[in-house]
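Summary of the model geometry
Single-letter residue listing:
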Amino acid sequence: MKRHGIQPAPQRDATTWAAFLRHQAHAILACDFFTATTLSGTTYYVFAAIEHPTRRAGVLGATDHPTGAWVTQIARNMVMDLQDADATVKFLIRDRDSRYTAAFDAVSTCEGITIVTTGIRMPPMNSIKERWVQTCRLELLDHTLVWNHRHLLRVLREFESFHNEHRPHRTLHSAAPLRPLPQPITDPTRIDHLEVHRQDRLDSILHQYTHAA
């Protein structure tokens, strides 16, 4: 059995976390809370989710007091967003944060989505979502003075739009979640006179580059 790579009976049917992510990547949604602090010292809890197959991310809300009712409503909003996008989701990855209530899980379960919780203090199990949060901090929040709740949501929505419509992703072969790669330029005259325009967003924190028409 060892020579043929067959595991002992108790381990034969076990599925590793890496295998689960690889085999179910087309149907996984990951979510997480992260915090942002305003100039007044108020800390807001931001809820965001990301689809594994498309890398489409969404900021669903922010509050300074995440009550059970608020978290449940966020779950409803998340389900409606998935329906509007016609996304196929079978698994929702989340950590064991106490802010996730039974009602939050129930909303997802009623839609046929299985809740998958990560291990205790094991953020790498939700690495794609954690990476998005890190990118949001490094490229946006670390360079932004947030005035209030309204300003926080505005800059987060702008970053969400930038991420989904312009920012290239290695997993998508440098395409953006909501923007396919343009056709390659093969005309030598166009290459010789290539012109790139830059559009600054959020007071030059983000830069968007496009080919001139």
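For every chain, the first residue of the written sequence is number 1, and numbering continues from 1 along that sequence. The model is predicted, so local features are restricted to residues of pLDDT at least 70 and side-chain atom pairs to those at 80 or more, both for listing and for counting; the totals for chains, interfaces and linings are taken over all residues. In computing side-chain values, all of the structure's heavy atoms are included and hydrogens and water are not.

1. Concerning the nonpolar core
Side chains that are nonpolar tend, in soluble globular proteins, to be buried together. To be explicit about the condition: Think of a nonpolar core as a cluster: buried Ala, Val, Leu, Ile, Met, Phe, Trp, Tyr and Cys residues, connected wherever their side-chain atoms sit within 4.5 Å. Buried, partly exposed and exposed residues are distinguished by accessible area as a fraction of the type maximum, computed with a 1.4 Å probe on protein chains only: under 20%, between the cut-offs, and over 50%, respectively. Labels follow the DSSP assignment, with helices taken as runs of H or I lasting at least four residues and strands as runs of E lasting at least two, numbered in each case from the N terminus.
Core analysis: the biggest nonpolar cluster contains 30 residues, and Phe34, Trp132, Cys136, Leu140, Leu141, Leu152 and Leu156 have the highest contact counts within it. In terms of residue count, the dominant contributor to this core is helix α6 (residues 149-165) (5 residues). Ranked by size, the runner-up nonpolar core spans 19 residues in total, among them Trp70, Val71, Val79 and Leu82.

2. Here's the deal with the pattern of salt bridges
Rules: The working definition used for a salt bridge is a side-chain nitrogen of Lys or Arg within 4 Å of a carboxyl oxygen of Asp or Glu.
Going through the model one piece at a time under the given rule, you end up with 8 salt bridges. Salt-bridge contacts for aspartate 97 lead to arginine 99; the nearest nitrogen and oxygen are separated by 2.5 Å. A salt bridge links arginine 157 to glutamate 160; the nearest nitrogen and oxygen atoms lie 3.8 Å apart. Placement of both arginine 157 and glutamate 160 in helix α6 is noted, with a separation of 3 residues, approximately one turn of the helix. Residue classification places glutamate 160 among the buried positions, given a relative accessible area of 19%.

3. Focus on the sheet that holds strand β1 (residues 28-37)
For clarity, the threshold we go by: Two strands qualify as a pair provided DSSP detects at least 2 bridges between them. Axis definition: a line fitted to C-alpha atoms, limited for helices to the stretch in contact. Angles are taken between N-to-C directions and run from 0 to 180 degrees.
Strand order in this open sheet of 5 strands is β3-β2-β1-β4-β5, and the pairing throughout is mixed. Single-partner strands in this sheet number two, and they are β3 (57-63) and β5 (114-117). Averaged over all adjacent pairs, the angle separating strand axes in this sheet is 25°, with direction ignored. Examined bridge by bridge, strand β4 (residues 91-94) and β5 share 4 bridges and lie parallel to one another.

4. With respect to the confidence of the model for the protein
Rules: Confidence scores per residue from the predictor, reported as pLDDT, run from 0 to 100.
This prediction gives the protein a mean pLDDT of 90; 91% of its residues lie at or above 70. Mean pLDDT across the elements of the protein ranges from a minimum in helix α1 (residues 9-12), with 52, to a maximum in β4, with 98.

5. Some details on unusual backbone geometry
One non-glycine residue, arginine 55, lies in the positive phi region at around 65°. You can see arginine 55 is positioned in the loop between β2 (43-51) and β3.

6. Here's the deal with the packing of aromatic side chains
For clarity, the threshold we go by: We call Phe, Tyr and Trp rings a pair once their centres come within 6.5 Å, taking the six-membered ring for Trp, and we label the pair stacked below 30 degrees between planes, edge-to-face above 60, and tilted otherwise.
For the structure on display, the rule yields 9 aromatic pairs. When the centroid spacing of 5.3 Å and the interplanar angle of 40° are considered together, the rings of tryptophan 17 and phenylalanine 20 count as tilted. Pair noted here: tryptophan 17 and phenylalanine 20 are both in helix α2 (residues 17-23), with a separation of 3 residues, about one helical turn. Of the residues examined, tryptophan 17 reaches a relative accessible area of 23% and is grouped as partly exposed. Their ring planes at 65° and their centres at 5.2 Å tell us that phenylalanine 33 and phenylalanine 47 sit as a pair that is edge-to-face.

7. Regarding helix α4 (residues 102-110)
Note the following rule: Throughout, the arc means the angular range of directions from the helix axis out to the C-beta atoms. Note on definitions: a residue-residue contact is assigned when non-hydrogen atoms from the two residues lie within 4.5 Å.
Along α4, the residues classified as buried are Phe104, Asp105, Val107 and Ser108. Seen along its axis, α4 keeps its buried residues to an arc of 155°; they face one direction. Exposed positions of α4 whose direction lies more than 90 degrees from the buried face are Ala102 and Cys110. Where α4 is buried, its residues meet β1, β2, α3 (68-84), β4 and β5.

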